[in-house]
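So the chains spell out like this:
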Amino acid sequence: GHDWGYGVEDGPSLWHQNYPIAEGSRQSPIDILPQTASHDPSLGPIALKYDQCTSINIANNGHSVVVEFEDSDDRSVIQGGPLDNPYRLKQFHFHWGGKGCRGSEHTVEGHSYASELHLVHWNAVKYETFGEAATAPDGLAVLGIFLETGDDHRWLHTITDALYMVKFKGSVTNFKSFNPKCLLPSSLHYWTYLGSLTTPPLHESVTWIVLKEPIAVSEKQMSKFRMLLFTGEEEDQRMRMENNFRPPQPLKGRKVRSSN
Ligand SMILES: NS(=O)(=O)c1ccc(C(=O)NCc2ccc(F)cc2F)cc1
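Residues numbered from 1 in each chain as written. Predicted model: local features only at pLDDT ≥ 70, side-chain atom pairs only at ≥ 80, totals over all residues. Heavy atoms only, no water.

**What about the nonpolar core?**
Burial of nonpolar side chains together is a common tendency in soluble globular proteins. Here is the rule: Among the buried residues, those of types Ala, Val, Leu, Ile, Met, Phe, Trp, Tyr and Cys that are joined through side-chain atoms within 4.5 Å form a nonpolar core. Note on classification: 1.4 Å probe, protein chains only; a residue is buried when its accessible area is under 20% of the maximum for its type, exposed when over 50%, partly exposed between these limits. By definition, any uninterrupted DSSP run of H or I lasting at least four residues is a helix, any uninterrupted run of E lasting at least two residues is a strand, and each is numbered from the N terminus. Contacts are assigned to residue pairs with any non-hydrogen atoms lying within 4.5 Å of each other.
Counting residues in hydrophobic clusters, the biggest one holds 47 residues, and the most contacted among them are Ile-58, Val-65, Phe-92, Phe-94, Leu-143, Ile-159 and Phe-225. Of all the elements in the fold, those that place two or more residues in this core are strand 3 (46-49), strand 5 (65-69), strand 7 (87-96), strand 9 (115-122), strand 10 (140-149), strand 13 (206-211), strand 14 (215-217) and helix 4 (219-225). For this core, the element with the highest residue contribution is strand 7, accounting for five residues. If we ignore the near neighbours within four places in the chain, the residues touching Phe-225 are Val-65, Phe-94, Trp-96, Leu-156, Ile-159, Thr-160, Leu-163 and Met-241.

**Some details on the site of the ligand**
Short version of the rule: Neighbouring residues are identified by heavy atoms, a residue being near a molecule or strand if any of them is within 4 Å of it. Polar contacts, as counted here, are pairs of nitrogen or oxygen atoms within 3.5 Å of one another; within protein the pair requires one atom able to donate a hydrogen and one able to accept it, and residues that are adjacent in sequence qualify only if both atoms are side-chain atoms. For every accessible area listed, the method is Shrake-Rupley and the probe measures 1.4 Å; residues are considered covered only by the protein chains on display. Both cavities and pockets are sets of points on a 1 Å grid over the protein atoms alone; in a cavity a 1.4 Å probe fits but cannot get out, in a pocket the set is open with protein on both sides within 12 Å along at least five of seven lines, and lining residues sit with an atom within 4 Å of a point. Grid points define the cavity or pocket, and a molecule sits in it when more than half of its atoms lie within 2 Å of them.
In the vicinity of the ligand lie 14 residues, with His-93, His-95, Gly-131, Thr-198 and Pro-201 positioned nearest. In the model, a nitrogen atom of the ligand is placed 3.1 Å from a nitrogen or oxygen of the His-93 side chain. His-95 places a side-chain nitrogen or oxygen 3.3 Å from a nitrogen atom of the ligand. Across the complex, the protein chains shield 75% of the 490 Å² of accessible surface that the ligand would expose by itself. The cavity that encloses the ligand is the largest pocket. Going through the elements one at a time, strand 7, strand 9 and helix 2 (130-133) are the ones with two or more residues in the shell around the ligand. With three residues, the top contributor of residues to the shell around the ligand is strand 7.

**Regarding the pattern of salt bridges**
For the record, the criterion: Any Lys or Arg side-chain nitrogen located within 4 Å of an Asp or Glu carboxyl oxygen qualifies as a salt bridge.
Taken as a whole and judged by the stated rule, the model has eight salt bridges. Here Asp-161 ties to Lys-224 by a salt bridge, and the two come within 3.7 Å at their closest N and O atoms. With Asp-161 in the loop between helix 3 (157-160) and strand 11 (172-174) and Lys-224 in helix 4, this residue pair connects regions lying 63 residues apart in the sequence. Via salt bridges that share partners, Glu-68, Asp-71 and Lys-90 belong to a single interconnected network.

Quick look at the structure:
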């Protein structure tokens, strides 16, 4: 397909050339304004049923580092909150900045965090495949978790210790039985709104659920993400993987709701 990236020649401001939906009416990420978000008492708590979680591998896809899950049944789902069905966990990945810089995609009153974790789920009740769900307005649910630098995160080590094995674009390695439940903050309070994938093809198919409470990770752990490369082993121009985030997009009249 088309090539896109985060550089001067292929970055977010140019994506609309190959993906006109980039200028659509429900694009992500957005800047979240907590005071403007409407507190909706009908919004129940979200439930993450990840107990039979089965991660398969960890890969460098040239845009981020992705942990894929077995999604042939409903063993790992998110449900409740704004969702009418359980949504099946497919993968999680991260977006981050350069050293000491901000790298989250969603921002909160203009404040961005060091990084943002996306747990990607699809509506397997209504759709046959992830691909089909990814083009449907109620097809995907992505849980966003902010990472801020501070103390070491005890469980993130499992991921950062594996990153050296997927340094180059196109590399993949075994990554079994990792349960992302260990990456959740203590509170599941959230904001929710209707948006899109934050990378091409930018499909407007995502119910976003962004947790209010960030998790803390150390600068040393963040630095390990930055040793990944956008480029493949065979390429001579090595490009460090960092600043792989899309900036906030126009709200275009959308309402952001807040759980309590
Ligand atoms: N950052 S984010 O959480 O918004 C996000 C989540 C998933 C994807 C994705 O799966 N892309 C590849 C892809 C693969 C198959 C398909 F049918 C559609 C499709 F976009 C892209 C962005």
